[in-house]
Amino acid sequence: MSTSQNTLENQSARSVRADDASASVLDVKNLRVIFEGDTHTVTAVDGVSFSVKKGRTLAIVGESGSGKSVTSLAVMRLLPEHSARIFGSVSFDGRQLLDETKIGMRSLRGNRLAMIFQEPMTSLNPSYTIGEQIIEVILRHRQMSKKEATERAIAMLKLVRIPSPETRYYQYPHNLSGGMRQRVMIAMALACDPELLIADEPTTALDVTIQAQVLELMRELQQKTGTAIVLITHDLGVVAEACDDVIVMYAGQVVEQCSVEELFTFPQHPYTVGLLGSLPRLDEKRERLVAITGTVPDMANPPPGCRFQARCPFRVEECAEMPELMEVSAGHSSRCWRAPMEDLVP
Amino acid sequence: MTQPSSEAVRPIIEVRGLGKNFVVKRSLLGRPLASVGAVDDVTLSLMPGETLAIVGESGCGKSTLGRLLMRLIKPSAGEVFIDGQNVTDLSHAVMREQRRHVQLIFQDPYASLNPRMTIAQTIAEPLMLHDIVPANQRARRVAELLEMVGLRAEQANRYPHEFSGGQRQRVVIARALASEPKAIICDEAVSALDVSIQAQILNLLKDLQKRLGLAFVFISHDLGVVKHIADRVAVMYLGKVVETGMSDEIFAAPRHPYTRALLSAIPVAAPPSHQRPKASRLLGDLPSPLSPPEGCRLHTRCPHVRPECKIVSMKLDVEASGHANACAFWRELPAQDAAEVAREPRNPKLEKLFAAFEAMAANRPAQTVTGG
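Everything numeric in this text was worked out from a predicted model, so none of it was measured.

(A) Up close: the overall build of chain A. The secondary structure content of chain A amounts to twelve helices and twelve strands. Computed over its C-alpha atoms, the radius of gyration of chain A comes to 21 Å, within 12% of the 20 Å expected for a compact globule of 346 residues. Taking all 346 residues of chain A together, the buried fraction comes to 51%. In chain A, once contacts between residues fewer than 6 apart in sequence are set aside, the share between residues at least 24 apart is 66%.

(B) Broad picture of the sheet that holds strand β4 (residues 77-82) of chain B. Residue and element names in this part refer to chain B. A sheet is described by the order of its strands in space; here four strands give the open sequence β2-β1-β4-β5, paired in antiparallel fashion. The sheet is open, and its two edges are formed by β2 (32-46) and β5 (85-86), each paired on a single side. With five bridges joining them, strand β1 (residues 13-26) and β4 adopt antiparallel strand pairing. Within β4, the position partnered with E14 by the bridge is F81. The strands that helix α1 (residues 62-69) touches are β1, β2 and β4; relative to β1, the one it contacts most, it runs at about 120°.

(C) The arrangement of the interface of chain B and chain A in detail. Listed by partner, the interface residues are 56 residues for chain B and 56 residues for chain A. Elements with a minimum of two residues in the side of chain B that touches chain A: α6 (195-212), α7 (223-229), α9 (257-265) and α11 (348-363) of chain B. Per element, the largest residue contribution to the side of chain B that touches chain A is ten residues, and it comes from α11(B). In terms of residue class, the side of chain B that touches chain A is made up of 29 nonpolar, 17 polar and ten charged.

(D) Fine view of the packing of helix α3 (residues 119-129) of chain B against helix α5 (residues 165-178) of chain B. Residues and elements named next belong to chain B. Contact pair α3 / α5: the axes reach a minimum separation of 7 Å and the direction vectors enclose 20°. Put simply, α3 runs roughly parallel to α5. Crossing angle aside, the handedness with which α3 passes α5 is right-handed. Each of I119, T122, I123, P126 and L127 in α3 lies in contact with α5, whose residues at this interface are V171, A174, R175 and A178. In terms of residue class, the contact of α3 with α5 is made up of seven nonpolar, one polar and one charged.

(E) Representation of the packing of helix α4 (residues 138-148) of chain B against α5(B). All names here are of chain B. Relative orientation of the contacting elements α4 and α5 amounts to 130°, with a least axis distance of 9 Å. As far as their axial angle goes, α5 and α4 are oblique. Remark: the crossing between α4 and α5 carries right-handed chirality. In contact with L145, L146 and M148 of α4, α5 contributes A174, L177 and A178. Taken together, the residues of the contact of α4 with α5 break down into six nonpolar, no polar and no charged.

(F) View of α1(B). The buried fraction of α1(B) is high, at seven of eight residues. Just past α1(B), the residue R71(B) takes up positive phi, approximately 55°.

(G) Local environment of the confidence of the model for chain A. The share of residues in chain A with pLDDT of 70 or more is 92%, and the mean pLDDT across the chain is 88. Below a pLDDT of 50 lies the segment residues 1-20 of chain A, which in the model reaches 20 contacts outside its immediate sequence neighbourhood of four places, other chains included.

(H) How the structure looks around the environment of H141(A). Residues and elements named next belong to chain A. Assignment of secondary structure puts H141 in helix α5 (residues 130-141). Classification of H141 as partly exposed rests on a count of 19 C-beta atoms within 10 Å. Spatially, the C-alpha atom of H141 lies 8.0 Å from that of G110, the residues being 31 residues apart in sequence. Excluding residues within four positions of it along the chain, H141 makes contact with G110, N111 and C192.

(I) Main features of the sheet that holds strand β2 (residues 41-53) of chain A. Residues and elements named next belong to chain A. One open sheet accounts for four strands, arranged β2-β1-β4-β5; its pairing is antiparallel. Every other strand in the sheet has two partners, leaving β2 and β5 (95-96) as the edge strands with one partner each. As defined by bridge partners, strand β4 (residues 84-92) adjoins β5 across two bridges and the pair is classed as antiparallel. Bridge assignment links F92 to a residue of β5, and that residue is R95.

(J) Geometry of the nonpolar core. In this structure, I134(A), A153(A), A187(A), V246(A), A183(B), I185(B) and V217(B) are the most contacted members of the largest nonpolar core, which totals 208 residues. Looking at this core, the element that brings in the most residues is helix α8 (residues 178-190) of chain A, giving eight residues.

(K) Region of interest: the pairing of strand β10 (residues 240-246) of chain B. Residues and elements named next belong to chain B. In terms of burial, β10 is largely enclosed, as six of its seven residues are buried. Bridging between strand β9 (residues 232-237) and β10 involves six bridges; their strand directions are antiparallel. Along β10, the bridge assignment pairs Y237 with K240. As consecutive antiparallel partners, β9 and β10 are separated by two residues, and within that stretch L238 has a phi angle of approximately 45°, a positive value. Relative to strand β12 (residues 324-325), β10 runs antiparallel, the two being bridged by two bridges. Bridge pairing in β12 places E243 opposite N325.

What counts as what
- Residues numbered from 1 in each chain as written.
- Chains lettered and ligands numbered in written order.
- Predicted model: local features only at pLDDT ≥ 70, side-chain atom pairs only at ≥ 80, totals over all residues.
- Helix = DSSP H or I, 4+ residues; strand = E, 2+ residues; numbered from the N terminus.
- Rg over C-alpha atoms; globule rule 2.2 N^0.38 Å.
- Buried ≥ 20, exposed ≤ 12 C-beta atoms within 10 Å, placed from the backbone.
- Contact = placed C-beta atoms within 7 Å.
- Pairing = 2+ DSSP bridges.
- Axes fitted to C-alpha atoms, helices over the stretch in contact; angles between N-to-C directions.
- Nonpolar A, V, L, I, M, F, W, Y, C, P; charged D, E, K, R; others polar.
- Parallel < 35°, antiparallel > 145°, perpendicular 65-115°, else oblique.
- Left-handed = near helix turned anticlockwise from the far one by under 90°.
- pLDDT = per-residue confidence, 0-100.
- Core = buried A, V, L, I, M, F, W, Y, C linked by C-beta atoms within 7 Å.

The structure is reproduced here in structure tokens:
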């Protein structure tokens, strides 16, 4: 037990020393993902750029089909190579992930890069105990004996607040509740002290009371270890509660990029305005919700110009041309000809 | 809940002392060995034109209760009245006729539409089964129903796969409306939809209610949605109703610790500086419904637990206003943190932006831009 705790402390101490507040852990520039099918080609991610700093949480928020999950899978190089073409640059700690070999990626994934998914039951192997699954990661990436790895795994289970971790270690995924399984996934993801954790809808399958526990846990662990987190979600409430910075995606593009505080104070893209307005809120009662009319464009055949224009109440003639992501104020960018939105308010 | 049963307004659905056990294990000879009490001693009523929400986490019995309300399954205890008639022991055939008065909408619209039927055939089926309009007028009625839910009549001959998720849910709603029901039970009807589409469907349901005087039972885990749509709310935990009352009262001043915990657990889409404290959150996981805790079923997770909670009953303490809750000690609970109830209003500038968005959207509906 003491050894593993020491390693934990050593590692966090090391990472704190190496702390350079301004250094980004992950830098994604102009990422494009194209899926080639038999009949048509879909550009699922079209020129996405963002960076995540140490100890910060970046939210990627968007509706289904906006390309948020494909972005994360492209960063982790988990997309099928025969159908997905990835362009742009993904640099992690100075290494170009898109140029890494398969073996190079394998030594990074689970070690310095970790990922958790929405449905913990499908990510866990039902025929191995949770202990075996956690030490598999540790033994793969760390020079440790099985005994030490076991101690570390139990320490990790304790860290994510699994009650009686020594017993749970020997149990199978089906013995655990949904919330506990997701906590096991977090323990497994953090077992090697990754610098970057990508969480794809980590709490969507959980009940709200359990979601609150898991989000709080992720926040706390981040403060301890300084891990940078990319949190992919469709839930603006989760963004507000758990993240520092945010990018809003629509039809494969980033339409707005800013701090969480700014997003909820005064959004600068019509899509974000509609999204916030369509959310039924607990702290107010309104007769009707602001609905965004229409549906997302067909990605195999996107319309020319701004992709939101067909649904946008603020559209003007310029919208026939695609706007760039432009800075509206310091640290707040929007892909809209009509930004800043202040001008639209009487 | 126990509103004085006035003669003038009769509830559309009324259930008394309703319970449902599912056998989970049988002996070799088929004798039940273990059972789950999915719903335990629930008394509710649904008045014409109102929306009653049933909320709770997974496994609390809210969907089972929804099925019991329209007598899709037979209760193990208690009685169900639909439109004043006791339907608890009706035969299958008689019940089928009764069902035109209460319809059900599910979460996944794709799973509840037959992929081999055009939506016109789907919507015409209840018209045919209950013989609502003569055969030669069915096509016209289908067109009316489609327009009522915001679809175009010329889409009638398409198949479900040609529609998006939100449109499919509109088709399902049109089919539910076809039998001219008095009540619709919506079981997580908007949970699978994206928020912008969810808002469209919620607005549609409200419009239909106003126009047709429908009553809704809205089963949901999403308290934001519930607050938006419900007149009355019943909160369930492990098969029991723990709090019930007018929606405004419950959201303004929740009494039961479970309701408080649910409300404080919901992440609010507001700037971090407006986030609420997290004092009343629940501890640990949901206990197994196979062996629910003795006494108050929440006592294993309640932040305000005391020794007596292991023996108290969960009887609803009903007030004259109809607000009832099952916590024996709610009067002694610490007052809700003022900051937790009274939240700062949203940025007024943002409200203006929403208003501008809505006004402009009303002036020009979405245009169709096709790709080049």
